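These are the residues of each chain, in order.
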Amino acid sequence: QQQGAAALVAFTTCLLFAIGMIALGMLAIRRRQEAGYFFLAAALCATPGVASTTLAVWGSIPFNGFSYRAVEAGVLLEAVLLALALTYQVRLHQRARQSAEQLANTDPLTGLLNRRAFRQQGEAVWAVARRNNRPLSLIVLDLDHFKAINDQHGHATGDRALEGAARLLAETCRRGDLVARWGGEEFILLLPETGLGQALLLAERLRAEIAAHRLVVGALELQMTASLGVATRTDHASLDALVG
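First, a word on scope: everything that follows refers to the structure included in this document. (Residues numbered from 1 in each chain as written. Predicted model: local features only at pLDDT ≥ 70, side-chain atom pairs only at ≥ 80, totals over all residues. Heavy atoms only, no water.)

**Looking at the overall build of the protein**
Along its length, the protein carries 8 helices and 6 strands. Scanning the protein from its N terminus toward the C terminus, one meets helices and strands in the order α-α-α-α-β-α-α-β-β-α-β-β-β-α. For the protein, whose C-alpha radius of gyration is 32 Å, the value lies well above the compact-globule estimate of 18 Å for 244 residues. Summarising its shape, the C-alpha atoms of the protein cover approximately 90 × 55 × 25 Å along the three principal directions. The proportion of buried residues among the 244 residues of the protein is 35%. Residue pairs at least 24 apart in sequence account for 63% of intrachain contacts in the protein once pairs closer than 6 positions are excluded. Counting only carbon and sulfur atoms, one obtains 59% of the accessible surface of the protein, whose full area is about 14500 Å². The protein carries 23 positive and 21 negative side-chain charges, and their two centres are separated by 7 Å. (Helix = DSSP H or I, 4+ residues; strand = E, 2+ residues; numbered from the N terminus. Rg over C-alpha atoms; globule rule 2.2 N^0.38 Å. Buried < 20%, exposed > 50% of the residue type's maximum accessible area, 1.4 Å probe, protein only. Contact = heavy atoms within 4.5 Å. Areas by Shrake-Rupley, 256 points an atom, 1.4 Å probe, with all protein chains shown as cover. Lys, Arg positive; Asp, Glu negative; His and termini not counted. Charge placed at Lys NZ, Arg CZ, Asp CG, Glu CD.)

**Let's talk about the nonpolar core**
Ranked by size, the top nonpolar core spans 26 residues in total, and within it Leu141, Leu143, Leu169, Phe187, Leu189 and Ile210 carry the most contacts. Only β1 (136–143), α6 (155–172), β3 (186–192), α7 (196–212) and β4 (214–217) provide two or more residues apiece to this core. Of the residues forming this core, the biggest block, 6 residues, is contributed by α6. Ile210 has contacts with Leu141, Leu143, Leu168, Met224, Thr225 and Ala226, leaving out every residue within four places of it along the chain. (Core = buried A, V, L, I, M, F, W, Y, C linked by side-chain atoms within 4.5 Å.)

**Describing the packing of helix α1 (residues 3–30) against helix α2 (residues 35–58)**
Running from amino to carboxyl end, α1 crosses α2 at an angle of 160°, the nearest separation of the two axes being 8 Å. Classed by the angle they form, the pair α1 and α2 counts as roughly antiparallel. The element α1 and its partner α2 pack so that their crossing is left-handed. Here the contact of α1 with α2 is composed, by residue class, of 21 nonpolar, 6 polar and no charged. (Axes fitted to C-alpha atoms, helices over the stretch in contact; angles between N-to-C directions. Parallel < 35°, antiparallel > 145°, perpendicular 65-115°, else oblique. Left-handed = near helix turned anticlockwise from the far one by under 90°. Nonpolar A, V, L, I, M, F, W, Y, C, P; charged D, E, K, R; others polar.)

**Quick word on the packing of aromatic side chains**
Evaluation of the coordinates by the stated rule reveals 1 aromatic pair. With a centroid separation of 5.6 Å and an interplanar angle of 80°, the aromatic rings of Phe118 and Trp182 are classed as edge-to-face. Residue Phe118 is found in helix α4 (residues 115–131), and its partner Trp182 is found in strand β2 (residues 178–183); the two are separated by 64 residues along the sequence. (Phe/Tyr/Trp six-rings, centres within 6.5 Å; stacked < 30°, edge-to-face > 60°.)

**A short note on the side chain of Asn150**
In this fold, Asn150 is placed in helix α5 (residues 146–153). Not counting chain neighbours up to four residues away, the residues in contact with Asn150 comprise His155 and Gly158.

**Quick look at α5**
Considered for burial, the residues of α5 that qualify are Phe146, Ile149 and Asn150. Looking down the long axis of α5, one finds its buried residues gathered within 95° of arc, a one-sided arrangement. Opposite its buried face, α5 presents the exposed residues Lys147, Asp151 and Gln152, each directed more than 90 degrees away. Contact partners of the buried residues in α5: β1 and α6. (Arc of directions from axis to C-beta.)

**Re the side chain of Arg233**
With respect to the helices and strands, Arg233 occurs in the loop between β6 (226–232) and α8 (239–243). For the buried residue Arg233, which engages in no salt bridge, the nearest side chain bearing the opposite charge is Asp235, 8.6 Å off. (Salt bridge = Lys/Arg side-chain N within 4 Å of Asp/Glu carboxyl O.)

**Thoughts on the sheet that holds β2**
Taken in spatial order, the 4 strands of this open sheet run β2-β3-β1-β6, and their pairing is antiparallel. Where the open sheet ends on each side, the last strands, each with one partner, are β2 and β6. Within this sheet the neighbouring strands show an average axis-to-axis angle of 20°, counted without direction. Relative to β6, β1 is paired through 7 bridges, and the arrangement is antiparallel. Residue pairing across strands places Ile139 opposite Val230, the latter belonging to β6. (Pairing = 2+ DSSP bridges.)

Below is the structure:
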């Protein structure tokens, strides 16, 4: 039977909660959490409405429909901004997950797929080719005398050689082809809808482009060469058998 006191306690609690939200928002910003800006803006939008209604209940300002219902407008705007904050946070998590997946699937030096990602994606390509009885070919490329480049000119030069070869492979291959660093100085290409003749032509083109590439080391120009092997799917039982 103390509705007035109950209302007073309720609205006072809401006001204290709104002030606490502002403090939390400022703390989040201080800790460099980007979503804290949305959180603080939401709290700042809600606080005037809550304060207006609380002061009206206290009798400090005129009690009317606008002053009493100001809390509703403030809370509604707060909810919209908090929804935006949640959306922003979800997008941050999605980007972080995509970035982590990309790092897990990409060779850090060349930017190509790594062996693990090649196997995962290659199995799907293999399954489609086998199910539909479509041609599928494979090229394995090995840079010649790569150890000598490392030994004579340093690992930084070797890294540049790998990056140059990877760039040539990525630029030459078609969309849908899988290009990966297989390990060390070895690269591998999986070519859907490609017969043996087409794969041989591509291998020869890659060999010629790598031979034409010059690696500049100070006053020296180093020529790279590569050895390539080509295979096409026939009665192979698995992708590993084709690679082998």
